[in-house]
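What follows is each chain in one-letter form.
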Amino acid sequence: MANGLESVKLGLLMSMLILLFGIGLGVSFGVNEDGIKGWIDAGIAAHQDKHDSNSSAKIWRFSQRAHFHAMGLGASTLALILAVAMSSMGEWLKQVTSLLIGLGSLYPLSWFTMFLLAPSMGRDEAHHAFLTELWTWVGVGSLLAGLGILFLHVLTGRESGAPVGE
C-alpha cells in the first residue's frame with residue numbers, strides 16, 4: 001500500500017471486521033428479534049435451575065451490548081489506528097500500536113460470548129467463563145496498551161519510536 005497504511009493494515013482489518021460484526025448483529029436484530037428472544041427463552045426453559053425472572057431481559061441485553069460495543073469500539077479503534085498511521089512513529093512501532101488497538105476492538109466478543117453461553121449455564125457463570133474473560137482481558141488490555149503508546153508518542157513528540165537515549 002503506497003498510501004501509508006501498510007504498517008497498520010492488520011489493526012485496520014480487525015477494526016473493520018468488528019464493525020461488520022456489529023452491523024451484522026444490528027441486522028439480525030431487525031430481521032429476527034423474536035427468533036433471538038425465543039432462542040434465549042428456550043435455553044432458559046431447558047435450564048430453569050440456573051435462571052431467575054430477570055434472565056431473559058438480561059441475556060437479551062448482553063446481545064445488545066455486544067452490538068453497541070462493536071459499533072463504538074470499531075469506529076473508535078478505526079480512528080485511533082488512522083491516527084497511528086498519520087503519526088511520525090517508526091514503522092515497527094506503528095505495527096505494534098495498531099495491532100494492540102485492533103485487538104482492543106475485540107472486546108465486544110466478551111458480551112457476545114456471555115449472550116451465547118448464558119441461556120445454558122446461567123448469567124453469572126457465563127460472565128465468568130474462560131472465553132468471556134479471555135476476550136475481556138485481551139480486548140481491554142490491548143486497547144489500553146496501544147492507546148498508552150499512542151498517548152505517550154503524542155505527549156513526548158518522539159519522531160522515530162526509537163528507545164529513549166538514542
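As a starting point, this report considers the structure included with it. (Residues numbered from 1 in each chain as written. Predicted model: local features only at pLDDT ≥ 70, side-chain atom pairs only at ≥ 80, totals over all residues. Heavy atoms only, no water.)

Overview of the overall build of the chain
Part 1 of the argument: Scanning the chain from terminus to terminus reveals six helices and zero strands.
Part 2 of the argument: Listed by position from the N terminus, the elements making up the chain come as α-α-α-α-α-α.
Part 3 of the argument: By its C-alpha atoms, the chain is 65 × 30 × 20 Å across when sized along the principal axes.
Part 4 of the argument: The 166 residues of the chain split such that 39% are buried.
Part 5 of the argument: At a minimum sequence separation of 6, the contacts of the chain that also span at least 24 residues come to 79%.
Part 6 of the argument: Roughly 9,000 Å² of accessible area belongs to the chain as shown, and the carbon and sulfur atoms make up 68% of that amount.
Part 7 of the argument: One way to put it: in the chain the 9 positive side-chain charges average out to a point 3 Å from where the 12 negative ones average out. (Helix = DSSP H or I, 4+ residues; strand = E, 2+ residues; numbered from the N terminus. Buried < 20%, exposed > 50% of the residue type's maximum accessible area, 1.4 Å probe, protein only. Contact = heavy atoms within 4.5 Å. Areas by Shrake-Rupley, 256 points an atom, 1.4 Å probe, with all protein chains shown as cover. Lys, Arg positive; Asp, Glu negative; His and termini not counted. Charge placed at Lys NZ, Arg CZ, Asp CG, Glu CD.)

Re helix α1 (residues 9–46)
Part 1 of the argument: The end-to-end C-alpha separation of α1 is 44 Å, well short of the 56 Å expected for 38 residues at 1.5 Å each.
Part 2 of the argument: When the local axis directions of α1 are compared, the greatest deviation, roughly 95 degrees, occurs at N32. (Expected span 1.5 Å × (residues − 1). Bend = angle between axes of the 7 residues up to and from the residue.)

Notes on the pattern of salt bridges
Part 1 of the argument: Tallied over the entire structure, the rule returns four salt bridges.
Part 2 of the argument: Across the pair K9 and E6 runs a salt bridge whose closest N-O atoms are separated by 2.8 Å.
Part 3 of the argument: Exposure remark for K9: the relative accessible area of 41% places this residue in the partly exposed category.
Part 4 of the argument: Here D52 makes a salt bridge to R123, at a shortest N to O gap of 3.0 Å. (Salt bridge = Lys/Arg side-chain N within 4 Å of Asp/Glu carboxyl O.)

Observations regarding the nonpolar core
Part 1 of the argument: Membership of the largest hydrophobic core comes to 26 residues, with the highest contact counts inside it found for I40, I59 and F62.
Part 2 of the argument: Contributing elements (two or more residues each) for this core: α1, α2 (55–86), α3 (91–104), α4 (108–121) and α6 (130–156).
Part 3 of the argument: Among the elements that take part in this core, α2 stands out by supplying eight residues, more than any other.
Part 4 of the argument: Once residues lying within four places of it in the same chain are set aside, the contact partners of I40 are S56, I59, W60, F115 and P119.
Part 5 of the argument: Membership of the second largest hydrophobic core comes to five residues, among which are M14, I18, A70 and L109. (Core = buried A, V, L, I, M, F, W, Y, C linked by side-chain atoms within 4.5 Å.)

Quick notes on the packing of α1 against α3
Part 1 of the argument: Contact geometry for α1 and α3: axes closest at 7 Å, N-to-C directions at 10 degrees. On the basis of their axis angle, the class for α1 and α3 is roughly parallel. Here the hand of the crossing between α1 and α3 comes out left-handed. Contacts from L10, G11, M14 and S15 in α1 reach S98, L99, G102 and L103 in α3.
Part 2 of the argument: The residue inventory of the contact of α1 with α3, partitioned by class, reads four nonpolar, four polar and no charged. (Axes fitted to C-alpha atoms, helices over the stretch in contact; angles between N-to-C directions. Parallel < 35°, antiparallel > 145°, perpendicular 65-115°, else oblique. Left-handed = near helix turned anticlockwise from the far one by under 90°. Nonpolar A, V, L, I, M, F, W, Y, C, P; charged D, E, K, R; others polar.)

Focus on the packing of α1 against α2
Part 1 of the argument: Axis separation between α1 and α2 bottoms out at 8 Å; the angle between their running directions is 170 degrees. As the angle between them shows, α1 and α2 are arranged roughly antiparallel.
Part 2 of the argument: A breakdown of the residues in the contact of α1 with α2 according to their chemical character gives 20 nonpolar, 11 polar and three charged.

Concerning the environment of W135
Part 1 of the argument: Within the secondary structure layout, W135 lies in helix α6.
Part 2 of the argument: Along the chain, W135 and G104 lie 31 residues apart, while their C-alpha atoms are 9.2 Å from each other.
Part 3 of the argument: In contact with W135, not counting residues within four places along its chain, are L106, Y107, L109, S110 and T113.

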